[in-house]
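Fold and contact review
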Amino acid sequence: MLQAQNLTKKYGDQVALNSLNLHIKKGEIFALLGQNGAGKTTTINLFLGFIKPTEGHLTINGISVTKDPQRTKKEVAYIPETLMLYPNLTALENLKFFSALAGFNYSKSELTYFLSKVGLQLSAHDQYLAGYSKGMRQKVGIAIALAKQATALLLDEPTSGLDPKASNEFSQILKELSADGTAILMATHDIFRAREVATHIGIMKEGNLVMIIEAQKISANELENLYLKTV
Ligand SMILES: Nc1ncnc2c1ncn2[C@@H]1O[C@H](COP(=O)(O)OP(=O)(O)OP(=O)(O)O)[C@@H](O)[C@H]1O
């Protein structure tokens, strides 16, 4: 689903990402861990087509991101740390707008279904986003991903600033999405959350993916120790 082969990004002499090989399959959640500047956001931005690789190839659902960016943009949904939604529109209006941009014209009951599926209570659907908490806005972001029928979801530090309950709820929604077949790539600094939600964890250091771990095979403590030894 999400595939990178020898993917490299350089800024002059600075190697932001060095020959990354990665394959995230349908239904997998891959969490990227690593210190500031390790190359996590660079990886996500390359998949989004925001930046171009210096070398290597990357595909989403078999489609080349560099050769056919318009098609790959339709395949992915993106949730950054701070989601850019319209504060003066309601959740329903935001969802209608962004799904229309992706070419979908949903009825109100379909839009309501998506917002309810991500755990937004009915009374909030008609409220302006200006009054939403960060956790509620992130849920609207996931609803947009659902409405877009995205095959892959990319997230950059999505739970940063969320309280533990909101973060837990968000993780449960990610698990449901992956169970429905979405491939998920997530950059995070939250080791505990990564172990809890991901199927695979990659540790990055200085532009290199130095280790891939199956999340179920390691405890949170072991992962933290491994991380501290590695970075
Ligand atoms: N536009 C740019 N010009 C020059 N160097 C850049 C640019 N963007 C990123 N870099 C460099 O690439 C490297 C990787 O950065 P990246 O943002 O991918 O790290 P990160 O792992 O996401 O870090 P953080 O945890 O702080 O978000 C860093 O050394 C960074 O300074």
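To start, this report covers the structure provided alongside it. (Residues numbered from 1 in each chain as written. Predicted model: local features only at pLDDT ≥ 70, side-chain atom pairs only at ≥ 80, totals over all residues. Heavy atoms only, no water.)

**With respect to the pairing of strand β3 (residues 29-34)**
- Counted residue by residue, β3 has six buried out of six residues, so it is predominantly covered.
- Across the two faces of β3 the burial is the same, with I29, A31 and L33 and F30, L32 and G34 all buried.
- Sheet topology places β3 next to strand β8 (residues 183-187); four bridges connect them, and they run parallel. From the neighbouring strand, A31 faces β8, where its bridge partner is M186.
- With five bridges joining them, β3 and strand β9 (residues 200-205) adopt parallel strand pairing. In the sheet register, F30 faces β9, and the bridge partner there is H200. (Buried < 20%, exposed > 50% of the residue type's maximum accessible area, 1.4 Å probe, protein only. Helix = DSSP H or I, 4+ residues; strand = E, 2+ residues; numbered from the N terminus. Pairing = 2+ DSSP bridges.)

**Focus on the layout of surface pockets**
- There is about 460 Å³ of room inside the largest pocket.
- The wall of the largest pocket is formed by 18 residues, among which A77, Y78, F98, I144 and K148 lie closest to the centre.
- For the lining of the largest pocket, the secondary-structure elements that each account for two or more residues are β6 (76-79), α3 (91-101) and α5 (134-147).
- The biggest single contributor to the lining of the largest pocket is β6, with four residues.
- Taken together, the residues that form the lining of the largest pocket break down as 15 nonpolar, one polar and two charged. (1 Å grid on protein atoms, 1.4 Å probe; cavity = no way out; pocket = protein on both sides within 12 Å on 5 of 7 lines; lining within 4 Å. Points joined across faces, edges and corners; volume = space filled by probe spheres on them. Nonpolar A, V, L, I, M, F, W, Y, C, P; charged D, E, K, R; others polar.)

**Details of the site of the ligand**
- Of all residues adjacent to the ligand, which total 13 residues, the nearest are Q14, G37, K40, T41 and T42.
- For the ligand, an oxygen atom lies 2.8 Å from a polar atom in the backbone of G37.
- Within the side chain of T41, one N or O atom sits 2.8 Å away from an oxygen atom of the ligand.
- Residue contributions to the shell around the ligand peak at three residues, all from helix α1 (residues 40-48).
- Partitioning the shell around the ligand into residue classes produces three nonpolar, eight polar and two charged. (Near = heavy atom within 4 Å. Polar contact = N/O pair within 3.5 Å; in protein donor to acceptor, adjacent residues only side chain to side chain.)

**Details of the nonpolar core**
- Counting 49 residues, the largest nonpolar core has L95, I142, L153, L155 and L174 as the members making the most contacts within it.
- The element that contributes the greatest number of residues to this core is α5, accounting for seven residues.
- Apart from residues lying up to four places away in sequence, L153 is in contact with A77, Y78, I79, I142, A145, L174, L177, T182, A183, I184 and L185.
- Of all hydrophobic cores here, the second largest spans 25 residues; its members include L7, L22, F47 and A187. (Core = buried A, V, L, I, M, F, W, Y, C linked by side-chain atoms within 4.5 Å. Contact = heavy atoms within 4.5 Å.)

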